[in-house]
Amino acid sequence: MVDDDTTDAVARAAELLSGRRTVVISGAGLSTDSGIPDYRGPDSPSRTPMTYQQFVGDPVFRQRYWARNHIGWRRMDAARPNPGHRAVARLERAGVVSGVITQNVDLLHMKAGARRVIDLHGTYARVRCLHCANLISRMTLAHHLEAANPGFAESLSASATGIEVAPDADAVVTDTDRFRMVDCMACGGMLKPDIVYFGENVPPDRVEAAFDLVDNAQALLVAGSSVTVMSGLRFVRRAAKNGVPVVIVNRGRTRGDELATLRIEAGCSETLCALAELAS
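Calculation notes
- Residues numbered from 1 in each chain as written.
- Predicted model: local features only at pLDDT ≥ 70, side-chain atom pairs only at ≥ 80, totals over all residues.
- Heavy atoms only, no water.
- Helix = DSSP H or I, 4+ residues; strand = E, 2+ residues; numbered from the N terminus.
- Expected span 1.5 Å × (residues − 1).
- Buried < 20%, exposed > 50% of the residue type's maximum accessible area, 1.4 Å probe, protein only.
- Pairing = 2+ DSSP bridges.
- Axes fitted to C-alpha atoms, helices over the stretch in contact; angles between N-to-C directions.
- Contact = heavy atoms within 4.5 Å.
- Disulfide = S-S within 2.5 Å.
- Core = buried A, V, L, I, M, F, W, Y, C linked by side-chain atoms within 4.5 Å.

Student: How should helix α9 (residues 230-241) be read in this particular structure?
Tutor: Three- or four-residue spacings in an α-helix give side chains the same orientation, since the helix completes a turn every 3.6 residues. Taking 1.5 Å as the rise per residue, α9 with 12 residues should run 16 Å; its terminal C-alpha atoms sit 16 Å apart, in good agreement. Considered for burial, the residues of α9 that qualify are Ser231, Gly232, Leu233, Phe235, Val236 and Ala239. One or two positions beyond α9, positive phi appears at Gly243, with a value near 80°.

What follows is the structure, given as structure tokens:
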């Protein structure tokens, strides 16, 4: 349920987006109602996301990550779209939304039925070899890791409940010293989740596709992102430079606030549902 101030703001947002091709940029705040915590929300605990340099440069760190991911990816795979994801898909079906650029790796837009989605930072469901670039599914890797670590996942599931999973599918698990990693089945190279880590660049073709969406948009809707990192902020700046309205829905300040035509301080699920009612 939205309050009167938010209702008025949603009505103004619907007017701004009405009749305009709208691109959505979504962040971790959109997925919190699906049980996936965000990085920078007002009530979020302090987090230190893994960097690319840590992953490739420190085998102990890499072992710890794969052990935690072995649990975390399952929790993320089990997550289901919330009303906010479904509202975005509804707006797309209604012709209001022309595409989604998501900073999330959880695939929840796709699960909600959105058709044109750019997974800017990749997805939890694929794994890439850093040597030969071979791609496999996370499920395939899970079978190999289970064979190398029999009973690991089951022992944690039996002894702990409510394990927290970060937005990059990293579970908060401490007993990782005996976890065995596996290498690429094709070439023996280092495996890495097909996720863009901090300190790593988004693939150029993905950036170009996102800019094409923004350049053909007549409005931009930011949902649940603080756009703190440049990978998302650059699209807000591009839209503002193009002179199109920018609507931001987020709890807490964002780096794009000064560029916003309208700022709605509220949760994504209730706000996007109300917006879908008016705009679709």
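Still more to cover.
Student: What's the story with the pairing of strand β4 (residues 122-129) in this structure? I'm lost.
Tutor: Along a regular strand, successive side chains alternate from one face of the sheet to the other. Two elements, β4 and strand β6 (residues 191-195), share four bridges in a ladder whose sense is antiparallel. What sits directly across from Val127, in β6, is Pro193. As judged from the three bridges shared by β4 and strand β5 (residues 135-137), these two strands associate in the antiparallel manner. Residue pairing in the sheet places Arg126 in a bridge with Ser137 of β5. Hairpin connection of β4 to β5: five residues between the antiparallel strands, including Ala133 at a positive phi of 70°.

Student: Quick question: what am I supposed to make of the sheet that holds strand β8 (residues 246-249) here?
Tutor: Pairing between the strands of a sheet comes from backbone hydrogen bonds, and it takes one of two forms, parallel or antiparallel. Spatial strand order, β3-β2-β1-β7-β8-β9: six strands in an open sheet with parallel pairing. Across the chains shown, the open sheet's two edge strands, defined by having one partner strand only, are β3 (117-119) and β9 (262-264). In this sheet, adjacent strand axes meet at a mean angle of 15° when their direction is disregarded. Bridging between strand β2 (residues 97-102) and β3 involves three bridges; their strand directions are parallel. Each bridged residue has a counterpart across the sheet, and for Thr102 the counterpart in β3 is Asp119. Across the sheet, α9 lies against β1 (22-26), β2, β7 (219-223) and β8, angled at about 150° from β7, the strand it touches most.

Student: Would you mind going over the sheet that holds β6 with me for this structure?
Tutor: Here three strands make up an open sheet; going across it, the order is β5-β4-β6 and the pairing antiparallel. A single partner strand is all that each edge strand has here, and the edge strands are β5 and β6. Neighbour-to-neighbour, the strand axes of this sheet turn through a mean angle of 40°, independent of strand direction. Its contacts with the sheet place helix α6 (residues 138-148) against β4, β5 and β6, and it is angled at close to 75° to β5.

Student: Hey, could you run me through the state of the cysteines in this one?
Tutor: Note on terminology: a disulfide is the covalent bond linking the sulfur atoms of two cysteines. Applying the stated criterion to the full structure yields zero disulfides. Left unpaired, Cys132 is separated from the closest cysteine sulfur, that of Cys187, by 3.6 Å. Overall, the relative accessible area of 34% leaves Cys132 in the partly exposed class. With no disulfide of its own, Cys187 has Cys129 as its nearest cysteine by sulfur position, at a separation of 3.5 Å.

Student: Explain the nonpolar core to me, please; I cannot follow it from the model alone.
Tutor: Soluble globular proteins: nonpolar side chains tend toward being buried together. Formed by 31 residues in total, the largest nonpolar core has its most connected members in Trp66, Leu141 and Leu191. Those elements giving two or more residues to this core turn out to be α3 (59-78), β4, α6, α7 (152-159) and β6. Top contributing element to this core by residue count: α3, with seven residues. With near-sequence residues (within four places) excluded, Leu141 lies in contact with Trp66, Val127, Ile136, Val182 and Leu191. Val24, Val96, Val249 and Leu272 belong to the second largest nonpolar core, which has 25 residues in total.

No statement about biological role is implied by the geometric values presented.
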